[in-house]
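Each chain, written out:
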Amino acid sequence: MSSEVAARRDAKKLVRSPSGLRMVPEHRAFGSPFGLEEPQWVPDKECPRCMQCDAKFDFLTRKHHCRRCGKCFCDKCCGQKVPLRRMCFVDPVRQCAECALVSHREAEFYDKQLKVLLSGATFLVTLGDAEKPEAMVCRLSNNQRFLLLEGDSRYEIEIARISTVQILTEGFPPGEKDTHTYTSLLGSQPVSEGGSARATGMSLQYAAPGAEGMTQLRLTAGEDANASRRQSTAWLAAMHKATKLLYESRDQ
């Protein structure tokens, strides 16, 4: 990929919406799959009362719209200003109590797990029917739309083309599930999800451009118990969080 194309993908612009300033991708097609669109606000005439506590709006009890869900609330039920990075707001914005809790939980992903995914980690990578794995660095692209794998070979997998993600783990008692499976990174119901355990690898299927059927990719963390292995394990755990975030966002 040329530096010009990469710069175009990562370019951003500052825009003003009714809810506040947002730093968004200059080209909409390059938006992050983790992003959320601003909601349509419930029209003022359709909400004479707070949609949480049922307080009647008047001159003293003013109505406010939650920037995440778009519903109407009184100041008591919608008084928190919380960062909403999934909508690219520059400053914290007003949110109802329920939405504020969700945004607080998501902040951990942006502050911790996303940084791990962008930094990348080294894995043994097996693509399709390849006989031998290749040592490659896997990381999330800066615009969060692609998985980049770099070694002697180089692959770029668009998140939107991934149909199945399976996080392989170890540490379960005999007979218990040892995988976390999602039948679509972009929102279908998860097939199976076990308890907490150390991630050892990831298997995914995706639709490669121009190819028939699905292509399978497998990432395996190295066996050596050194910093590289710890970094790979942390990257897999962050990928698990990212997959759950994308799944849960379609339920909101």
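Residues numbered from 1 in each chain as written. Predicted model: local features only at pLDDT ≥ 70, side-chain atom pairs only at ≥ 80, totals over all residues. Heavy atoms only, no water.

**A look at the state of the cysteines**
Scanning all chains against the criterion turns up 1 disulfide. The disulfide bridge from C47 ends at C72, spanning 2.3 Å between sulfur atoms. With a gap of 25 residues between them, C47 in the loop between β2 (20-25) and β3 (64-65) and C72 in strand β4 (residues 72-73) connect regions that are remote in the sequence. Taken individually, C47 and C72 each receive the classification buried, so the pair is uniform in this respect. Of the cysteine sulfurs around C74, a residue in no disulfide, the closest is that of C53, at 3.7 Å. On the basis of relative accessible area, C74 is assigned to the buried category, the value being 6%. C66 provides the cysteine sulfur closest to C78, a residue in no disulfide bond, and the two sulfurs are 5.1 Å apart. (Disulfide = S-S within 2.5 Å. Helix = DSSP H or I, 4+ residues; strand = E, 2+ residues; numbered from the N terminus. Buried < 20%, exposed > 50% of the residue type's maximum accessible area, 1.4 Å probe, protein only.)

**Some words on the environment of R86**
Looking at the secondary structure, you find R86 in the loop between β5 (80-82) and β6 (93-95). Among the residues examined, R86 registers a relative accessible area of 1% and is labelled buried. In this structure, the C-alpha to C-alpha distance between R86 and R68, residues 18 residues apart in sequence, is 9.6 Å.

**Notes on helix α2 (residues 97-119)**
Over its 23 residues, α2 runs 33 Å from end to end, which matches the ideal 33 Å to within 8%, given 1.5 Å per residue. A maximum bend of about 35° is found in α2 at Q113. When α2 is considered as a whole, its buried residues turn out to be C99, A100, V102, S103, E106, F109, Y110, Q113, L114 and L117. Backbone geometry just after α2 places G120 at a positive phi near 85°. (Expected span 1.5 Å × (residues − 1). Bend = angle between axes of the 7 residues up to and from the residue.)

**Regarding the nonpolar core**
One finds L147, M202, L219 and W235 to be the most contacted residues of the largest nonpolar core, which totals 32 residues. By residue number, the principal contributor to this core is helix α3 (residues 227-249), which donates 7 residues. Residue contributions to this core reach at least three from each of two domains, namely domain 1 (10-116) and domain 2 (120-171 + 199-251). Each residue touching L219, except ones within four places of it in the same chain, is listed here: F123, L124, V125, C138, L149, T200, G201, M202 and W235. Core analysis: the second largest hydrophobic core is formed by 12 residues, F57, C66, C72 and C78 among them. (Core = buried A, V, L, I, M, F, W, Y, C linked by side-chain atoms within 4.5 Å. Domains from an automatic or database assignment. Contact = heavy atoms within 4.5 Å.)

**A short note on the pattern of salt bridges**
Counted under the stated rule, the structure contains 9 salt bridges. R85 is the partner of D111 in a salt bridge, and the nearest nitrogen-oxygen pair spans 2.5 Å. Placement of D111 in helix α2 and of R85 in the loop between β5 and β6 is noted, with a sequence separation of 26 residues between them. Its relative accessible area of 41% is what places D111 among the partly exposed residues. Given a relative accessible area of 40%, R85 falls into the partly exposed group. The closest approach of N and O atoms between R154 and E156, which form a salt bridge, is 3.9 Å. In this structure R154 comes out as partly exposed when scored by relative accessible area, which is 41%. Linked through salt bridges whose partners overlap, the residues forming this network are R68, R86 and E106. (Salt bridge = Lys/Arg side-chain N within 4 Å of Asp/Glu carboxyl O.)

**Here we look at the packing of aromatic side chains**
Considering all chains together, one arrives at 3 aromatic pairs under this definition. Both rings, one in F34 and one in F109, keep their centres 5.2 Å apart while their planes meet at 45°; by these two values the pair is tilted. In this pair, F34 sits in the loop between β2 and β3 while F109 sits in helix α2, placing the two residues 75 residues apart along the sequence. Accessibility assignment for this pair places F34 and F109 in one class, buried. For the ring pair F109 and Y110, a centre distance of 5.5 Å and an interplane angle of 85° mean the geometry is edge-to-face. With respect to class, F109 is no different from Y110; both count as buried. (Phe/Tyr/Trp six-rings, centres within 6.5 Å; stacked < 30°, edge-to-face > 60°.)

**Points about a nonpolar patch on the surface**
A cluster of nonpolar side chains, namely L14, M23 and V90, defines an oily patch on the protein surface of about 260 Å² accessible area. Tracing the backbone shows V90 in the loop between β5 and β6. Residue classification places V90 among the partly exposed positions, given a relative accessible area of 45%. (Patch = residues over 30% accessible without salt bridge, like charges linked within 9 Å, V, L, I, M, F, W, Y side chains within 5 Å. Areas by Shrake-Rupley, 256 points an atom, 1.4 Å probe, with all protein chains shown as cover.)

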